[in-house]
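Remarks on the overall topology
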Amino acid sequence: MPEHQPPAALILAMAGVFWLVAAAALLFWLGGLLWPGGLGGLMAALGPGAVATLVTLHIPAAVMGILLWQWTRHALSMRHRVLLEAATLYFCLAVLLGIFLNYLLVAALQDVIGPVMRGGAG
């Protein structure tokens, strides 16, 4: 059975979105270095909606990066393949870190809110 080959238009659309999110993430981190007030000041200037959108787009970008790597790695030059792999690794690690931090937050809230919910002193 031959390996699945997606339509070229799908690969092009996924690559466009993937690299757009990668560029936005890179600009965000570089902007945090240069912005007065650092990352906190930049996030305040962008607003919660823009920051939440960028953070949320890391999840589909991680999935798209894995699929693009699977489907196009043999056709890419070494430089483009390494850039794709590095960006995909960044997105996957960012998603895993977010999951871990959410777990810590829920555990901390459980310690704070749990006694109140059970009728104990808060």
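Preceding this paragraph is the structure being described.
What counts as what
- Residues numbered from 1 in each chain as written.
- Predicted model: local features only at pLDDT ≥ 70, side-chain atom pairs only at ≥ 80, totals over all residues.
- Heavy atoms only, no water.
- Axes fitted to C-alpha atoms, helices over the stretch in contact; angles between N-to-C directions.
- Helix = DSSP H or I, 4+ residues; strand = E, 2+ residues; numbered from the N terminus.
- Parallel < 35°, antiparallel > 145°, perpendicular 65-115°, else oblique.
- Left-handed = near helix turned anticlockwise from the far one by under 90°.
- Contact = heavy atoms within 4.5 Å.
- Nonpolar A, V, L, I, M, F, W, Y, C, P; charged D, E, K, R; others polar.

Turning our attention to the packing of helix H1 (residues 8-34) against helix H2 (residues 38-46). For any two helices packed against each other, the geometry comes down to the angle between their axes and how far apart the axes lie. Contact pair H1 / H2: the axes reach a minimum separation of 7 Å and the direction vectors enclose 120 degrees. Here H1 lies oblique to H2, going by the angle between them. Regarding H1 and H2, the two cross each other, and that crossing is right-handed. Of the residues in H2, those in contact with Phe28, Trp29, Gly31 and Gly32 of H1 are Gly38, Leu39, Leu42, Met43 and Leu46. Among the residues forming the contact of H1 with H2, the class breakdown is six nonpolar, three polar and no charged.

With that settled, consider the packing of helix H3 (residues 48-56) against helix H4 (residues 58-72). Between H3 and H4, the least distance of the axes is 4 Å, while the angle of their chain directions is 25 degrees. One element, H3, and the other, H4, form an angle in the roughly parallel class. Facing Leu54, Val55 and Thr56 of H3, the residues of H4 in contact are His58, Ile59 and Pro60. For the contact of H3 with H4, the per-class residue count stands at four nonpolar, two polar and no charged.

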